[in-house]
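Secondary and tertiary structure notes
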Amino acid sequence: MNSPDWTSTSPLYAGNAAYLEQFADDALGPWLGQPLPGLDDCSDAAQVGVLRLINSYRYMGVRQADLDPLRRFEPPPTPELDPAHYGLTEADLGRTFETGSLFGVERTTLSEILQRLKSAYCGHIGIEYMHITDVARKRWLQERFELAQGNFGVSPALKQQLLQRLTDAETLEKFLHTRYVGQKRFSLEGGESLIPLLDLVISRCARHGAKEVVVGMAHRGRINVLVNIMGRSLESLYSEPQPGDAAPLSGDVKYHQGFSTDVMLPNGPVHLALAFNPSHLEIVHPVVRGSVRARQDRRGDVLGYEVVPVILHGDAALSGQGVVMESLNMSQTRGFRNHGAIHIVINNQIGFTTSDPRDVRSTLYCTDVAKMVEAPVLHVNADDPEAVAFAVRTAVDFRYTFHKNIFIDLVCYRRHGHNEQDEPLATQPLMYRRIQAHPSTRTLYAQQLVNEGVLTQADADTLVDRCRERLEQGGSLNPPAQSDFSRTFGIDWARFNGQPDDEVPTAIAAGRLDFLGERITTLQHEIELHSRVQKVLDDRRKMRAGELPVDWGYAENLAYASLLDTGYNVRVSGQDSARGTFFHRHAVWHDQKRERRQSGVYIPLEHLHARQGNFTIIDSLLSEEAVLAFEYGYATADPDTLVVWEAQFGDFANGAQVVIDQFIASGEAKWGRLCGLTLMLPHGLEGQGPEHSSARLERFLQLCAQDNIQVCVPTLPAQMFHLLRRQLVRPLRKPLVILTPKGLLRYPASTSSLADLSGGCFQTVIDDPRAPVQAKRVVACSGRVWFDLDAARQARGLDDVALVRVEQLYPFPEALFSKVLNAYPQAATFVWAQEEPMNQGAWFQTLHHLNHCAPEGRRFHYAGRPPAAAPASGHLSRHRAELDALLNDALETSYES
Ligand SMILES: Cc1ncc(C[n+]2csc(CCOP(=O)(O)OP(=O)(O)O)c2C)c(N)n1
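The rules behind the values
- Residues numbered from 1 in each chain as written.
- Predicted model: local features only at pLDDT ≥ 70, side-chain atom pairs only at ≥ 80, totals over all residues.
- Heavy atoms only, no water.
- Phe/Tyr/Trp six-rings, centres within 6.5 Å; stacked < 30°, edge-to-face > 60°.
- Helix = DSSP H or I, 4+ residues; strand = E, 2+ residues; numbered from the N terminus.
- Buried < 20%, exposed > 50% of the residue type's maximum accessible area, 1.4 Å probe, protein only.
- Lys NZ or Arg CZ within 6 Å of the ring centre and 35° of its normal.
- Near = heavy atom within 4 Å.
- Polar contact = N/O pair within 3.5 Å; in protein donor to acceptor, adjacent residues only side chain to side chain.
- Nonpolar A, V, L, I, M, F, W, Y, C, P; charged D, E, K, R; others polar.
- Pairing = 2+ DSSP bridges.
- Axes fitted to C-alpha atoms, helices over the stretch in contact; angles between N-to-C directions.
- Right-handed = clockwise from strand over helix to strand, strands pointing away.
- Parallel < 35°, antiparallel > 145°, perpendicular 65-115°, else oblique.
- Left-handed = near helix turned anticlockwise from the far one by under 90°.
- Contact = heavy atoms within 4.5 Å.
- Expected span 1.5 Å × (residues − 1).

A few points about the packing of aromatic side chains
For the structure shown, the criterion picks out 23 aromatic pairs. Between the aromatic rings of Trp843 and Tyr862, the centroid separation amounts to 5.2 Å while the plane-to-plane angle is 45°, which identifies the pairing as tilted. Residue Trp843 is located in helix α28 (residues 843–853), and its partner Tyr862 is located in strand β24 (residues 861–865); the two are separated by 19 residues in the primary sequence. Assessed through its relative accessible area of 5%, Trp843 is described here as buried. Tyr862 sits in the buried class, given a relative accessible area of 14%. Between Arg532 and the ring centre of Phe583, over which it is positioned, the NZ or CZ distance is 4.1 Å. In this arrangement the basic side chain of Arg805 is found over the ring face of Trp786, its NZ or CZ atom lying 3.6 Å from the centre.

As structure tokens, this is what we get:
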């Protein structure tokens, strides 16, 4: 194998022609630089050349832009920007040409055209936008840049403000460096322009009508953002819990902390929220989008004027993490759109884990993923705060004009190592020697303003001194404003102070149930259903009339209807969720003759009555990670919506494992964030092979502690009905993981009666309905295996075996389970039966509860498949043999006690 060529360096932006060459053809398109057919005959080939030159600058000007504050490399040779490339000679420089679509001048000399193109496209901002297919968006951006001519129109007052904010950013980092020696803070130094940038993003959004700005970001510069933008005080950030403090939370490091506050701007107060963040880079992106969507929905902000997502990225993370692509892919879809996010890249040109740019990515720019959604990218030199201000104005105005995503790539550097314990000279010696000699952005800008006569050096120094004094005194640099946010749009989370073992009534009066049943089985306009779907509807009508037992699909739809009826909202998303993977839900009826857009669909749950809550059901894009993260974000921002994410099959949830581990299981313990998100994960070993069988119950149970989540395995439609209702009706918000049925959905014994819905509640344990009081054996289990055991027990004529179902595995219902067990003879054999292999399922994670609840001196025996690497066999015959063995073991095998 050839080892990589370590000797030559290839830059990110410039310098290595060979490196850039590989991208040149793609960016240009095959036609640029080639004679255009038919144009050779043109009366003035030079005029054609000028027009093509203008076009080339629009595509390629960015390559010659002065973006890197460290100026490590010469701009690459870009022949397409050379007039000679189009046959133009020096003699043409003084000739006057038509400029075609160039903004600002219709006819002028070639030399002026060149100068205008360079000013527009090759200064401190390099713009990529020609990949956008929509002409209006392209022309809008052209107009901005071609008219501005690199004149960023910054007033003296704004110049002072920019310097002030750069001073705040730099002084804070220096202060922390000396005050909290050796503590990791992932300093912003080298990228201090981020602080004025964010300031301007927020104020510009507010001018357009923003009332809330939700920010997501990783570690880099987070403490600076928390203090200088969010106004969090250093005391609160750096305080450690004292012995005796009541806080049950495990907490998180400072550079993952979130915060929210209100700031006062000329148009009124704006609510700012910085999302809590785990270490996993980029995963907060879809969480922020979900949180923003919840806030937009709450306000009825259908075009995203009032709530704006601002998402920050690192350059390596942006190009490296797949969740970015998933999140961008969802960003314009109906169920997930936010009407444009403002993306900011803190591009310090280094990825920490790779020291050579050729190892970081396969695209020229770290932002190239933006092109998949045709988002424009403004690359800006972070050492020019005025260019940054112009980029912000353009980005925010673009977002508000077109409701689309836009990226600002803040090209900066990292003054120190990755963190405060890292030595960058070890791996980036040349870059870091250059950085050591490079004055800070604040120093450079202060000098510029002194030269321009905006202020004196003494004024600039005073800004630093004042900032340092304020930091020494403590308190917030950016105190919160008074606003009515909490009263109007804030959420009172204090009302969710219930306990997981609280029982609440979830039954619905029979009359109301009947009314809701009528609403969800009535189609208000003529619709021609597929015959199989028509049968579902006809059956539901019979269920309402009591002529058929209630099945899972009807019970679930009724649960949603009952919640909507009392004003709660319901939001269900997942792949094929509207119909249901197993053809069971049918929350949306499709007309066989009409397109969707021509009222070809009917959603009964939207038509209960005028004062009902909102019902949203989304056939999600084919993503698990970003979609689940989005729904987590939604649920943490809205406790009055039942937010359900459904996996097509339970095992696909492991594509979203980061969300489960980092947010769902631990978010409350780390950050105190409550979340009532519900996961539905189809689970069951039904002979379909190793995939599509297991939702990995064992992993969820292993995550359970401190009442963090709920894990339930309902086996009856009524159980599902009460469980879904309980999730909202109880004054408690905890994530709920439901292992949902597959084959049971159509299993005649797994049905309920209407009375089960109009009475009762969710039963965490279901005792044996046949109640064999003198049982010699008590078999406990969870899920669909109960039905296999029951059928085998009957087939074998075993009337001394009791079968007990544990329907909630966490929090484990010890008191009730214990009571049920102790009603059976103490001499009985106690068995735990499961269909999953021994190393999977509930066995190892639940054993301590089982034995703890067993009668004095008794312990549970295991009946189930032996340990296995895969969740299930791929051969049906083997599956059946294994099931037979497990039924034998559970029902008849003798165990030593
Ligand atoms: C998913 C994930 N993988 C690895 C890491 C470890 N890590 C922390 S920061 C970092 C480098 C990130 O580089 P970049 O995005 O350029 O941001 P920078 O630190 O340079 O600001 C890595 C690899 C992580 N936090 N998350």
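Concerning the site of the ligand
Not every one of the 16 residues close to the ligand is listed here, only the nearest: Arg220, Ser279, Asp315, Ala316 and Ala317. In the environment of the ligand, a nitrogen atom lies 2.9 Å from a nitrogen or oxygen atom belonging to the backbone of Ser279. Residue Ile350 places a main-chain N or O atom 3.0 Å away from an oxygen atom belonging to the ligand. Here the shell around the ligand takes three residues from helix α10 (residues 315–320), the largest share from any one element. Class assignment for the residues of the shell around the ligand results in five nonpolar, nine polar and two charged.

Overview of the pairing of strand β3 (residues 125–128)
One face of the sheet, then the other: side chains in a regular strand alternate in exactly this way. Residue alternation in β3 divides its side chains into two sets, Ile125 and Ile127 and Gly126 and Glu128, and both sets are buried. Relative to strand β9 (residues 377–381), β3 runs antiparallel, the two being bridged by four bridges. Note that in β9 the partner of Ile125 across the bridge is Val380.

Observations concerning the sheet that holds strand β6 (residues 268–274)
The eight strands are arranged β3-β9-β10-β8-β7-β4-β6-β5 in an open sheet whose pairing can be described as mixed. Since the sheet does not close on itself, it has two edges, and those belong to β3 and β5 (259–265), each with one partner. Strand after strand, the sheet turns through a mean of 20° between neighbouring axes, direction not considered. Of the strand pairs in this sheet, β5 and β6 are connected by seven bridges, and their pairing is antiparallel. Bridging across to β6, Phe259 finds its partner in Leu274.

A look at the pairing of β24
Burial analysis of β24 places five of its five residues in the buried class, the great majority of the element. Across four bridges, strand β23 (residues 829–837) lies against β24 in parallel orientation. Across the sheet, the residue bridging to Ala833 is Ala863, located in β24. You can see the chain leave β23, run along α28 and come back into β24, and the turn it takes is right-handed.

What about the sheet that holds strand β19 (residues 765–766)?
Pairing is mixed in the open sheet, where five strands are placed in the order β19-β21-β20-β23-β24. Both edges of this open sheet fall to β19 and β24, since each of them pairs with a single strand only. Across five bridges, strand β20 (residues 777–781) lies against β23 in parallel orientation. For Arg777, the partnering residue across the bridge sits in β23 and is Thr829.

Focus: the packing of helix α2 (residues 45–64) against helix α3 (residues 110–121)
If you want to describe how two helices pack, look at the angle between their axes and the distance between the axes. Following both chains from N to C, one finds α2 and α3 inclined at 20°, their axes separated by 9 Å at the closest point. Classified by the interaxial angle, the pair formed by α2 and α3 is roughly parallel. The interaxial crossing formed by α2 with α3 has right-handed handedness. The residues of α3 that touch α2, namely those facing Val50, Leu53, Ile54, Tyr57, Arg58, Gly61 and Val62, are Leu110, Ile113, Leu114, Leu117, Lys118 and Tyr121.

Looking at helix α4 (residues 135–148)
The end-to-end C-alpha distance of α4, which contains 14 residues, comes to 20 Å, matching closely the 20 Å that a straight helix rising 1.5 Å per residue would cover. Taken as a whole, α4 has its buried residues at Arg137, Lys138, Trp140, Leu141, Gln142, Phe145, Glu146 and Ala148. After α4 finishes, the residue Gln149 shows a positive phi value of roughly 60°.

These figures capture arrangement, not role.
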